[in-house]
Amino acid sequence: MPTLDWACDRTDGVTFVELRVTGETGQRVRVESTLEPVWPPRRQGQPAAGWDGTSFEGEIEDGSLVVGYASPAEPSDPPAELQEVSTAEETIDPGDVVRALGPGTPPRDAVPREVGSVADEESGQPKQIASAGGQMEQTATAEQQNHQTASSPEPPDSNEPTPGLPPAVEAYFTAIEQRLAAAEQLSNSETVEQAREAVCSAGGMGAVDGLDEQLQADRARLERLGERQRALTKRLSRTEIPVTHLERLA
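Notes on the structure in this doc start here. (Residues numbered from 1 in each chain as written. Predicted model: local features only at pLDDT ≥ 70, side-chain atom pairs only at ≥ 80, totals over all residues. Heavy atoms only, no water.)

Re the pairing of strand β7 (residues 55-59)
No. 1: Here five bridges tie strand β3 (residues 28-33) to β7, and the two strands are oriented antiparallel to one another. Note on β7: the bridge partner recorded for Val31 is Phe56.
No. 2: Note that strand β6 (residues 51-52) and β7 share two bridges and pair antiparallel. Within the sheet, the bridge partner assigned to Trp51 lies in β7 and is Phe56.
No. 3: Hairpin remark: β6 followed by β7, antiparallel, with two residues in the connecting loop; positive phi at Gly53, about 70°. (Pairing = 2+ DSSP bridges. Helix = DSSP H or I, 4+ residues; strand = E, 2+ residues; numbered from the N terminus.)

A look at the packing of aromatic side chains
No. 1: Under the counting rule described, the total for this entry stands at four aromatic pairs.
No. 2: Between Trp51 and Phe56, the ring centres sit 5.4 Å apart and the planes meet at 55°, which makes this aromatic pair tilted.
No. 3: Of the residues examined, Trp51 reaches a relative accessible area of 8% and is grouped as buried.
No. 4: Classification of Phe56 by relative accessible area gives buried; the value is 12%.
No. 5: Relative to Phe173, the ring of Tyr172 lies with its centre 5.7 Å away and its plane at 45°, an arrangement referred to as tilted.
No. 6: Through a chain of ring-to-ring contacts, three or more aromatic side chains come together here, namely Trp39, Tyr172 and Phe173. (Phe/Tyr/Trp six-rings, centres within 6.5 Å; stacked < 30°, edge-to-face > 60°. Buried < 20%, exposed > 50% of the residue type's maximum accessible area, 1.4 Å probe, protein only.)

Quick word on a negative patch on the surface
No. 1: Taken together, the side chains of Glu36, Asp209, Asp212 and Glu213 define an acidic patch exposed on the protein surface.
No. 2: By secondary structure assignment, the location of Asp212 is in helix α5 (residues 205-237). (Patch = residues over 30% accessible without salt bridge, like charges linked within 9 Å, V, L, I, M, F, W, Y side chains within 5 Å. Areas by Shrake-Rupley, 256 points an atom, 1.4 Å probe, with all protein chains shown as cover. Salt bridge = Lys/Arg side-chain N within 4 Å of Asp/Glu carboxyl O. Lys, Arg positive; Asp, Glu negative; His and termini not counted. Charge placed at Lys NZ, Arg CZ, Asp CG, Glu CD.)

What about the pattern of salt bridges?
No. 1: For the coordinates displayed, the defined rule picks out five salt bridges.
No. 2: Of the charged contacts in the structure, one is a salt bridge between Glu57 and Arg28, with a shortest N-O distance of 3.3 Å. Here Glu57 is found in strand β7, whereas its partner Arg28 is found in strand β3, with 29 residues between them in sequence.
No. 3: A relative accessible area of 22% means that Glu57 is categorised as partly exposed.
No. 4: The shortest N-O distance in the salt bridge between Arg179 and Asp218 comes to 2.9 Å.

Focus: the sheet that holds strand β8 (residues 64-71)
No. 1: Spatial strand order, β1-β2-β8: three strands in an open sheet with antiparallel pairing. Both outer strands of the open sheet, β1 (3-11) and β8, are each paired with one neighbouring strand and no more. Strand-to-strand, the axes of this sheet are offset by a mean angle of 15°, without reference to chain direction. (Axes fitted to C-alpha atoms, helices over the stretch in contact; angles between N-to-C directions.)

Remarks on the side chain of Thr54
No. 1: Along the chain, the position of Thr54 falls in the loop between β6 and β7.
No. 2: On the basis of relative accessibility, which here comes to 15%, the residue Thr54 falls in the buried class.
No. 3: Look past the residues within four positions of Thr54 in its chain and what remains in contact with it is Val31, Glu32, Ser33, Glu36 and Val38. (Contact = heavy atoms within 4.5 Å.)

What about helix α4 (residues 192-202)?
No. 1: Among the residues of α4, Ala195, Ala198, Val199 and Ala202 are the ones counted as buried. Each buried residue of α4 sits inside an arc of 100° when the element is viewed along its axis, so together they form one side. Within α4, the exposed residues directed more than 90 degrees away from the buried face are Glu193 and Glu197.
No. 2: Remark: Gly203 follows α4 within two positions and exhibits a positive phi of approximately 105°. (Arc of directions from axis to C-beta.)

Quick look at the structure:
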């Protein structure tokens, strides 16, 4: 039976957690964080392999598995728990992808009539519309290309660090920017294949649900931060220390 040891370090409003799972080499385990939200290590802007929301799944090598992550939450005892691992291979249900994207059926008027021989409405005689159909297909293709060009999102601005911010605040904003990048990839998916790739990159539908909850929490926190920032800015604008006067009094 694997065992779990941990160490927590609270620095500048961020809790850094290090977990060590000890067990048999080759055994797969899952650890579920009791701290939320979780800021896992990232690779190319995405959570490192093995992460799915607040849980990490991996294989014990050389008798132990070490996992590290951060969270703005206060430390708890324990910061994570061991979970049983299912041996079934995880797959993405296409139905989940469709439900995430919403209805994808085009309007009836947008579907061109089948190219071929149809009956003329007035004479009842067959009428060839192959050339018209070809023209419609070319027009639709051109319109689709124009639509894709027009709707393609502008490249996001580079997220440069803000000079003077404390490391914990900079880390907090960076984590939000990383979550937004993953959410934008999901929201910009226009086909089932794109949605499948975006869901895979996010770590599965469970991770997508967790990302949505985290973004909702981010919105609420940023609104409160904005209110506090505006109040502090107002106080700063009307507060000035009379240094010269105090020097004379001192």
